[in-house]
Amino acid sequence: EGRLLVLPAASGEPAMVEIHLLGNVLSYFLELHGFPALHAAAVNVEGRAIAFLADSRAGKTSLSAAFVQAGYPLLCDDILALEAAGPDGILARPSYPARRMWPDAAAHFGADPQAFPPVVPGGQKRRIPLGADGPGNFCPTALPLAAIYLPQRHPELPAAVAIDPLPRQQSMVELLRKSFLTHVLPAVGLDSSHLAFFARLVRAISVRRLTYIDGYEHLPAIRQGILDDLQALPGL
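Residues numbered from 1 in each chain as written. Predicted model: local features only at pLDDT ≥ 70, side-chain atom pairs only at ≥ 80, totals over all residues. Heavy atoms only, no water.

With that settled, consider the overall build of the protein chain. Scanning the protein chain from terminus to terminus reveals 6 helices and 10 strands. Radius of gyration (C-alpha) of the protein chain: 18 Å, near the 18 Å computed for a compact globule of 236 residues. Its C-alpha atoms put the protein chain at 55 × 45 × 30 Å along the principal axes. Taken across its 236 residues, the protein chain has 48% of its residues classed as buried. Only carbon and sulfur atoms are counted for the fraction: they give 55% of the accessible area of the protein chain, which is about 11,400 Å². With 19 positive and 21 negative side-chain charges, the protein chain shows a spacing of 3 Å between the two charge centroids. (Helix = DSSP H or I, 4+ residues; strand = E, 2+ residues; numbered from the N terminus. Rg over C-alpha atoms; globule rule 2.2 N^0.38 Å. Buried < 20%, exposed > 50% of the residue type's maximum accessible area, 1.4 Å probe, protein only. Areas by Shrake-Rupley, 256 points an atom, 1.4 Å probe, with all protein chains shown as cover. Lys, Arg positive; Asp, Glu negative; His and termini not counted. Charge placed at Lys NZ, Arg CZ, Asp CG, Glu CD.)

In structure tokens, the structure reads:
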């Protein structure tokens with residue numbers, strides 16, 4: 001019916017229920033309904049979505065937050081659901097209007113970490129809402145996906161950021177590596193449709209390696225480098 005019914009045990013910790021619900025459970029639900037889920041953050045740049053696809057601690061939240069700080073609404077912070085649209089297009093669908101941020105990142109982007117609850121009891125990471133209850137805006141509508149960036153930090157670069165396109169075969173590998181529940185999909189008969197969707201994606205959407213210098217002071221230059229790169233992409 002397109003709904004999730006959650007019946008937590010009486011002894012269950014609400015924060016842990018939320019972690020699993022907004023992680024493996026939600027991503028499996030999305031896959032069952034034909035929306036492949038990537039471990040990515042995404043923002044709305046002038047009506048198109050750009051995504052930062054990465055494992056934990058690779059900087060996807062800080063990179064997306066740099067865009068939100070400049071007025072670009074957040075589409076998702078952790079789970080990016082995708083949808084086929086038309087003959088070639090891919091839509092990026094919105095998630096929930098909140099981010100999981102470490103205290104130093106929260107403070108840098110204008111949120112007092114002590115004013116927001118931890119993601120898990122006793123943990124350092126905070127759940128920071130957007131909109132009326134927190135800094136930044138949220139995009140509640142699906143958008144055409146313009147590009148996917150794979151961030152990686154580098155201690156020394158001649159500029160704040162370097163961006164290079166990935167070959168399609170390598171793009172497929174990265175998409176599969178950073179999908180939710182890739183190891184589960186064969187058991188439920190979804191692996192072939194999953195592969196077919198990503199084959200379609202890499203034919204239509206540019207997947208790009210984003211190498212950048214770490215440090216909050218570099219984020220404005222990194223953001224501008226990404227915006228300049230977007231302008232140079234065909235069809236944009």
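Next comes the rest of the write-up.
Before going further, it helps to spend a moment on the pattern of salt bridges. In total, this model carries 7 salt bridges according to the counting rule given. Two residues, Arg153 and Asp214, come together in a salt bridge whose shortest N-O distance is 3.1 Å. Of the two residues, Arg153 sits in strand S8 (residues 143-153) while Asp214 sits in the loop between strand S10 (206-212) and helix H6 (219-232), which places them 61 residues apart along the sequence. When its relative accessible area of 39% is taken as the criterion, Arg153 is described as partly exposed. Residues joined in a network through salt bridges with shared partners are Glu174, Arg177, Lys178 and Arg209. (Salt bridge = Lys/Arg side-chain N within 4 Å of Asp/Glu carboxyl O.)

For the rest of this paragraph, the subject is the confidence of the model for the protein chain. Of the residues in the protein chain, 92% reach a pLDDT of 70 or more, and the chain-wide mean stands at 86. Within the protein chain, no element has a lower average pLDDT than helix H1 (residues 14-32), which sits at 72, and none a higher one than strand S2 (residues 48-53), at 96. (pLDDT = per-residue confidence, 0-100.)

As a further point, take helix H2 (residues 60-69). In terms of burial, H2 is a largely internal element, 9 of the 10 residues being buried. Along H2, the positions that sit buried rather than exposed are Lys60, Thr61, Ser62, Leu63, Ser64, Ala65, Ala66, Phe67 and Val68. Within two residues after H2, Gly71 carries a phi angle of roughly 100°, on the positive side.

Counting residues in each nonpolar core, the largest one holds 33 residues, and the members touching the most others are Ile50, Phe67, Tyr149, Ile226 and Leu230. Each residue touching Ile50, except ones within four places of it in the same chain, is listed here: Ala41, Ala42, Val43, Val45, Phe67, Ala146, Ala147, Tyr149, Ile226 and Leu230. Formed by 26 residues, the second largest nonpolar core is a distinct cluster that contains Ala40, Ala92, Leu143 and Leu166. (Core = buried A, V, L, I, M, F, W, Y, C linked by side-chain atoms within 4.5 Å. Contact = heavy atoms within 4.5 Å.)

The subject of this paragraph is helix H4 (residues 168-177). Among all positions in H4, only Ser171, Met172, Glu174 and Leu175 are buried. Each buried residue of H4 lies within a common arc of 165° when the element is viewed along its axis, so the set occupies one face. Opposite the packed face of H4, turned more than 90 degrees from it, sit the exposed residues Gln169 and Arg177. In this structure, the buried residues of H4 make contact with strand S1 (37-45), S2, S8, helix H5 (191-204) and S10. (Arc of directions from axis to C-beta.)

Quick look at a nonpolar patch on the surface now. Taken together, Leu4, Val6 and Val25 make up a surface patch of nonpolar side chains, about 210 Å² in accessible area. By the secondary structure assignment, Val6 is in the segment before H1. On the basis of relative accessibility, which here comes to 36%, the residue Val6 falls in the partly exposed class. (Patch = residues over 30% accessible without salt bridge, like charges linked within 9 Å, V, L, I, M, F, W, Y side chains within 5 Å.)

Let's shift gears to the environment of Leu4. Its location among the elements puts Leu4 in the segment before H1. Distance in space between the C-alpha atoms of Leu4 and Val25 is 9.1 Å, their sequence separation being 21 residues.

Relative orientation of the contacting elements H4 and H5 amounts to 135°, with a least axis distance of 10 Å. Between H4 and H5, the crossing angle belongs to the class labelled oblique. In terms of crossing hand, the pair formed by H4 and H5 is right-handed. On H5, the residues that touch Arg168, Ser171, Met172, Leu175 and Leu176 of H4 are His194, Leu195, Phe198, Ala199, Leu201, Val202 and Arg203. (Axes fitted to C-alpha atoms, helices over the stretch in contact; angles between N-to-C directions. Parallel < 35°, antiparallel > 145°, perpendicular 65-115°, else oblique. Left-handed = near helix turned anticlockwise from the far one by under 90°.)

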